[in-house]
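Survey of secondary and tertiary structure
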Amino acid sequence: MLGFDASQGESGVALAMALIFGVVITIVSATAISFAVSGLKKSSSDEDWNGAIAAAYAGLEDYQAHLSNDNAYQKYGNPAAPFSAASSVTLPTGAQANPAFGIGTGGTWQTIKKADGTTDSGARYRYEVDNSTYAATGTLKIRVTGQVGQRVRSVVANLRQQGFINFLYFTNFEVLDPNIYTPTGGQTVASCSKYAWAGRSTSCSNIAFGNGDTINGPVHSNDTIRICAATFKGIVTTSNPNVVGGKRYTATDSNGTACSGQSFPAQPSTGPTYASTIGIPATNGNLIAETRSDLTGSTVPRPGCLYTGPTKIVYSVDGSGNGLMTVKSPNTKFTNIASPDANGNYTAGSNPSQCGTPGTATNGLASAAGATIPVISNNLIYVQNIPTNSADKNYTSTTTLPQNCGFDATTNQATGSGNGVGYPIAGEAAPAPSYACPYGTRNGDVFVQGTFHGQNTISSANYTYITDDILYRDTNADLLGLVSQNPIFIWNPLKYSGSCLSGSCNATALLNTAAYNNDYNRTIDAAMISVSDMIQVQSTYGGGARGTLNVYGAIAQNYRGVVTTGSNGYVKNYNYDQRLLYQAPPKFLSPVTTTYGVTVLEEVPTAMNPDGSSK
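A brief structural summary. Each chain carries its own residue numbering, running from 1 in the written order of its sequence. In keeping with the model being predicted, local features are shown solely for residues with a pLDDT of at least 70 and side-chain atom pairs are shown and tallied solely at 80 or more, while totals for entire chains, interfaces and linings include all residues. Excluding hydrogens and water, the side-chain values take into account all heavy atoms of the structure.

1. Looking at the overall build of the protein chain
Spelled out, the test is: Starting at the N terminus, helices and strands are each numbered in turn, a helix being any DSSP run of H or I of at least four residues and a strand any DSSP run of E of at least two. We call two residues in contact whenever any of their non-hydrogen atoms come within 4.5 Å of each other.
Counting its secondary structure elements, the protein chain contains four helices and 30 strands. A sequence separation of at least 24 residues applies to 67% of the contacts in the protein chain between residues at least 6 apart.

2. What about the state of the cysteines?
Rules: The definition used for a disulfide is geometric: two cysteine sulfur atoms within 2.5 Å. The buried label applies to any residue whose accessible area, calculated with a 1.4 Å probe on protein chains only, is under 20% of its type's maximum; exposed applies above 50%, and partly exposed to all values in between.
Summed over the entire model, instances satisfying the criterion amount to four disulfides. Between the sulfur atoms of Cys-192 and its disulfide partner Cys-204 the distance amounts to 2.0 Å. Taking the torsion about the S-S bond as the criterion, the Cys-192 to Cys-204 disulfide, at about -85°, is left-handed. Placement of the pair is Cys-192 in helix α3 (residues 189–192) and Cys-204 in the loop between α3 and β6 (208–209), with a sequence separation of 12 residues. Classification of Cys-204 by relative accessible area gives buried; the value is 4%. Two residues share a disulfide in this structure: Cys-228 and Cys-259, whose sulfurs sit 2.0 Å from each other. Disulfide Cys-228-Cys-259: the torsion about the S-S bond is -90°, which places it as left-handed. Within this pair, whereas Cys-228 is found in the loop between β9 (226–227) and β10 (231–232), its partner Cys-259 is found in the loop between β11 (236–238) and β12 (273–274), the two being separated by 31 residues in sequence.

3. Quick word on the pairing of strand β29 (residues 568–576)
Put simply, the test is: Here a strand pair is declared whenever DSSP counts at least two bridges between the two strands.
Bridge analysis of strand β7 (residues 214–216) against β29 gives three bridges, and the strand direction is parallel. In the sheet register, Asn-216 faces β29, and the bridge partner there is Asn-575. As consecutive antiparallel partners, strand β28 (residues 564–565) and β29 are separated by two residues, and within that stretch Gly-566 has a phi angle of approximately 60°, a positive value.

4. Digging into the side chain of Asn-222
Just so we agree on the cut-off: Any N or O atom pair separated by 3.5 Å or less is treated as a polar contact, with the protein-specific requirement of one donor-capable and one acceptor-capable atom, and with residues adjacent in sequence counted only for side-chain atom pairs.
Considering the arrangement of structural elements, one finds Asn-222 in the loop between β8 (219–221) and β9. Overall, the relative accessible area of 0% leaves Asn-222 in the buried class. There is a polar contact of 3.0 Å between the side chain of Asn-222 and the side chain of His-220. Setting aside chain neighbours within four positions, we find Asn-222 in contact with Phe-170, Thr-171, Asn-172, Tyr-195, Trp-197, Ser-239, Asn-240, Ser-276, Thr-277 and Ile-278.

5. Describing the side chain of Arg-560
You can see Arg-560 is positioned in the loop between β27 (545–557) and β28. For Arg-560, a relative accessible area of 0% gives the class buried. Of the polar contacts made by the side chain of Arg-560, one reaches the side chain of Tyr-169; its length is 2.9 Å. Of the polar contacts made by the side chain of Arg-560, one reaches the side chain of Glu-174; its length is 2.6 Å. Apart from the residues lying within four places of it in its own chain, the contact partners of Arg-560 are Tyr-169, Thr-171, Phe-173, Glu-174, Val-175, Leu-176, Ile-207, Ala-208, Phe-209, Met-534 and Lys-572.

6. Examining a nonpolar patch on the surface
Note the following rule: Each patch is built from residues that are more than 30% exposed by relative accessible area and take part in no salt bridge. Like charges join if they lie within 9 Å; nonpolar side chains (Val, Leu, Ile, Met, Phe, Trp, Tyr) join within 5 Å. Only the protein chains shown count as cover for residues, with accessible areas throughout obtained via the Shrake-Rupley method and a probe of 1.4 Å. Any carboxyl oxygen of Asp or Glu within 4 Å of a side-chain nitrogen of Lys or Arg constitutes a salt bridge here.
Taken together, the side chains of Tyr-57, Val-598 and Leu-601 present a nonpolar region at the surface, about 250 Å² in accessible area. Tracing the backbone through its elements, the reader meets Tyr-57 in helix α1 (residues 6–69).

7. A word on the pattern of salt bridges
For the structure shown, the criterion picks out nine salt bridges. Glu-128 is the partner of Arg-143 in a salt bridge, and the nearest nitrogen-oxygen pair spans 2.9 Å. You can see Arg-143 sitting in strand β3 (residues 139–148) and its partner Glu-128 sitting in strand β2 (residues 120–130), a full 15 residues away along the chain. For the pair formed by Arg-143 and Glu-128, the shared burial category is buried.

8. Focus: the packing of aromatic side chains
Our working definition: Stacked, tilted and edge-to-face pairs are distinguished by plane angle, under 30 degrees for stacked and over 60 for edge-to-face with tilted covering the rest, among Phe, Tyr and Trp rings (Trp via its six-membered ring) whose centres lie within 6.5 Å. Charges are assigned to positions over rings by a cutoff of 6 Å between ring centre and Lys NZ or Arg CZ, combined with an angular limit of 35 degrees from the ring normal.
In the structure shown here, the tally under the stated rule is 30 aromatic pairs. An aromatic cluster of at least three residues, connected via ring pairs, comprises Phe-407, Tyr-423, Tyr-435, Tyr-439, Phe-447, Tyr-463, Tyr-465, Phe-489 and Trp-491. Directly above the ring of Tyr-520 sits Arg-546, whose terminal nitrogen or CZ lies 4.6 Å from the centroid. For the cation-ring pair, Arg-560 lies above Phe-209, with the distance from its terminal atom to the ring centre recorded as 4.2 Å.

9. Examining empty space enclosed by the protein
Operational definition: Residues are called lining when one of their atoms sits within 4 Å of a cavity or pocket point, these points coming from a 1 Å grid over the protein atoms alone, where a cavity is a set in which a 1.4 Å probe fits but cannot get out and a pocket is an open set with protein on both sides within 12 Å along at least five of seven lines. Grid points are joined across faces, edges and corners, and a volume is the space filled by probe spheres set on the points. Amino acids are sorted into nonpolar (Ala, Val, Leu, Ile, Met, Phe, Trp, Tyr, Cys and Pro), charged (Asp, Glu, Lys and Arg) and polar (every other residue, Gly among them).
The tally for this structure, following the rule as stated, stands at two cavities of 30 Å³ or more. Here the largest cavity is characterised by a volume of approximately 80 Å³. In terms of lining, the largest cavity is formed by 14 residues, of which the most central are Ile-535, Leu-549, Ile-555, Val-563 and Tyr-574. Of all elements in the fold, only β25 (522–530), β26 (535–537), β27 and β29 reach the threshold of two or more residues within the lining of the largest cavity. With four residues, β27 is the largest single contributor of residues to the lining of the largest cavity. Its boundaries defined by the atoms lining it, the second largest cavity holds a volume of some 40 Å³. As for the second largest cavity, its lining consists of Val-175, Leu-176, Pro-178, Tyr-181, Pro-183, Cys-192, Cys-204 and Ser-205. Its residues placed into classes, the lining of the second largest cavity shows seven nonpolar, one polar and no charged.

Put into structure tokens, the structure is as follows:
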């Protein structure tokens, strides 16, 4: 018979309990370790997830840096990349080869170094470029994919050049052009072509905002602005580094008399704030390259139209709503050019149908009525001076066509010959002060007006005359750019009595044409820039009040133009076209130093797998 040993029984229970407790501890420990390991993995995964998007942003900044260093960098990309399928990109080679343009599982990536600059951080990126709408809108699209570990994320951004059209009103110098308006008080062209904040004499011809001017948009001047009774409804910036009396502007009128009435509702009452200077190019001459047919497939895949000598363009819309332009350009021989020689003469030419047919035949560019053709689609028109070298395909000798500047040198009245496209009109006095050869028969002048429907830029080698209203047919879709080497004139012809050569004649009456005398107010829908000069109303020494000059777009100029002189001219009503924040007229001029700003940025579904293959 078995007996019960109490001491042994207690020992067995204790053993069993110890085993059970041990199992529980093991399970709890294993769970804790498992949880801890899981947490480490999750933490690591989160870091990679966040790192991947940071890598994508780094790639975007890298591409912007390439664009800033090379204005033509938009032509580079990998044509085999899915996002670039509609583009004309090519891979950069040699020293410009870029690993960020790699694609596929074996393709390259751009790696990101650690802070020490020598060690791979484990993060990398690729980007794909879509430049298919760049020529038309100035906008590039880029898709950037960043990767850290097995985490991959992608973003898409729209990039646009930040240029003159970021402002409703941009001015380099706040004075009249000293090359045209003779400086007084012993000043010279050089001494007046400097900023007021850098020591320009007050005897130079400063221009002020005032007299009820209303500016509905962003303004920037590299100079110190004079402001009287004007209202600014957008941000105003100046490159004046000096604050005087709490202000970066001068509260004086154009004559230097103290004034008041300034209004800056969109910013502190102290007015303009500081911003760095923006360089303006010396010439728009490079834009003629956009009419070359021999650059197709590289920098100019779709040439625009070249016209030679005085050219008149009247925009209209037909009964079906199509945009038309009637172009009269008697001296044009070839509307596309090619093969420049060492002297810059274009030795080859062609005539694509989109630009109209040269010659005097019906609907020809030299016919009495000019050529009526559809508005060229999303492209540029360049109007050049008539070449004087016989090697150039658009050459006309000065014997066959002598230069006639439109006005009798003695009487200052319009001569009968004119410039071939109708200017000057009979009885017109020469614009004062004396601009170089107004209405010259060999000049690259363009005369433009009408109802515009489409997207174009017109660039002239000399003057641009806006001879009547320019109105968008569709304010949501139409976009016109005017880029003039010399002044853009708001056409305002006067007859005169006395001498106007000095700019102080007695011309106070308009031409005796009922249509013009009743033509008060002027409306211009366009983005405009005068590269070396100014945008101004022609001949404000007479004619009385002309009503309001309404501008819907953007204005940029090297010097300030006159819109009102005393009781003559127009009151300004300038309004910014907000679309210019996101798009530009086709092939519009850019500043000397170009930067690209991000106008749209969004994260999109991941474009690539961790092995680099496309999704």
